[in-house]
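Letter by letter, the chains look like this.
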Amino acid sequence: MIVYRLTCKNEHEFEAWFRDSAACDAQIAEGRVMCPHCGDTSARKSLMTPNVAPKGAESVSGKPSERRAAIMRELRELRRKVEENCDYVGPRFAEEARRIHYGETDSHAIYGETTPKEAKALTEEGIEFGRIPWAPRLDS
Ligand SMILES: [Zn+2]
């Protein structure tokens, strides 16, 4: 099982469990994933969090501050991986994502910033991208 954080078209975030990544894609494509907040069925994956599967009671009963710290650690780790494996394109993210999507440049992993408006346009064009709540880097 894998848990995905999903975002509906009204920007509600919620989590849903799927057998695997393909099952998630299929259920989203068939409109069988419904936002619990507004009933929208055009949800998209916003962040894959396969490592936050319930590990037992202790992860749920931890203090809120500890849970936050754990989440921040995961986000930092995610950021580190992204920075290692992807090219930083900064505010040109939307432009680069389009060029890759339409085959105008070699496919490669990129990361950068985009405005909510650009992100929406990319989604409407069917360009897949992930959103990461960017954890502040700890340089100390
Ligand atoms: Zn919603």
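Residues numbered from 1 in each chain as written. Predicted model: local features only at pLDDT ≥ 70, side-chain atom pairs only at ≥ 80, totals over all residues.

Undergrad: I'd like to hear about the overall build of the protein chain, residue by residue, with values.
TA: Tallying secondary structure elements over the protein chain gives five helices and five strands in all. Secondary structure elements of the protein chain, listed N to C terminal, follow the sequence β-β-α-β-α-α-β-α-β-α. Among the 140 residues that make up the protein chain, the fraction classed as buried is 11%. Long-range pairs, those at least 24 residues apart, make up 50% of the contacts in the protein chain between residues at least 6 apart in sequence. (Helix = DSSP H or I, 4+ residues; strand = E, 2+ residues; numbered from the N terminus. Buried ≥ 20, exposed ≤ 12 C-beta atoms within 10 Å, placed from the backbone. Contact = placed C-beta atoms within 7 Å.)

Undergrad: Can you tell me about the pairing of strand β2 (residues 13-18), naming the residues and giving the values?
TA: As judged from the six bridges shared by strand β1 (residues 2-7) and β2, these two strands associate in the antiparallel manner. Within β2, the residue paired with Tyr 4 across the bridge is Ala 16. With antiparallel pairing between neighbouring strands as the criterion, β1 and β2 make up a hairpin whose turn holds five residues, including Glu 11 at a positive phi of roughly 65 degrees. (Pairing = 2+ DSSP bridges.)

Undergrad: Can you break down the nonpolar core residue by residue, with the values?
TA: Counting seven residues, the largest nonpolar core is built from Tyr 4, Leu 6, Cys 8, Cys 24, Val 33, Cys 35 and Ala 43. Setting aside chain neighbours within four positions, we find Cys 24 in contact with Tyr 4, Phe 18 and Lys 45. (Core = buried A, V, L, I, M, F, W, Y, C linked by C-beta atoms within 7 Å.)

Undergrad: Lay out unusual backbone geometry with the relevant residues and their values.
TA: In this structure, Glu 11 takes a positive phi of about 65 degrees despite not being glycine. For Glu 11, the location among the structural elements is in the loop between β1 and β2.

Undergrad: Explain the pairing of strand β4 (residues 87-90) to me, using residue names and the numbers behind them.
TA: Bridge analysis of β4 against strand β5 (residues 110-112) gives three bridges, and the strand direction is parallel. Each bridged residue has a counterpart across the sheet, and for Gly 90 the counterpart in β5 is Gly 112. You can see the chain leave β4, run along helix α4 (residues 93-101) and come back into β5, and the turn it takes is right-handed. (Right-handed = clockwise from strand over helix to strand, strands pointing away.)

Undergrad: Before we move on, can you summarise α4 with the specific residues and values?
TA: Looking at α4, one finds that the buried residues are Phe 93, Ala 94 and Ala 97. Projected down its long axis, α4 carries its buried residues within an arc of 95 degrees, all on one side. Next to the buried residues of α4 lie β4, β5 and α5 (116-124). At the C-terminal side of α4, Gly 103 shows a positive phi close to 70 degrees. (Arc of directions from axis to C-beta.)

Undergrad: Can you lay out the confidence of the model for the protein chain for me, pointing to particular residues and giving the numbers?
TA: Taken over all residues, the pLDDT of the protein chain has a mean of 81, while the share at 70 or more is 83%. No element of the protein chain has a lower mean pLDDT than helix α2 (residues 57-61), at 47, and none a higher one than helix α1 (residues 21-29), at 90. (pLDDT = per-residue confidence, 0-100.)

Undergrad: Tell me what's going on with the environment of Met 34, and back it up with residues and numbers.
TA: Within the secondary structure, Met 34 is located in the loop between α1 and β3 (44-48). Here Met 34 falls in the partly exposed class, since 16 other C-beta atoms lie within 10 Å of it. Separated by 28 residues in the primary sequence, Met 34 and Leu 6 place their C-alpha atoms 9.8 Å from one another. Leaving out residues up to four positions away in the same chain, Met 34 has contacts with Gly 39 and Thr 41.

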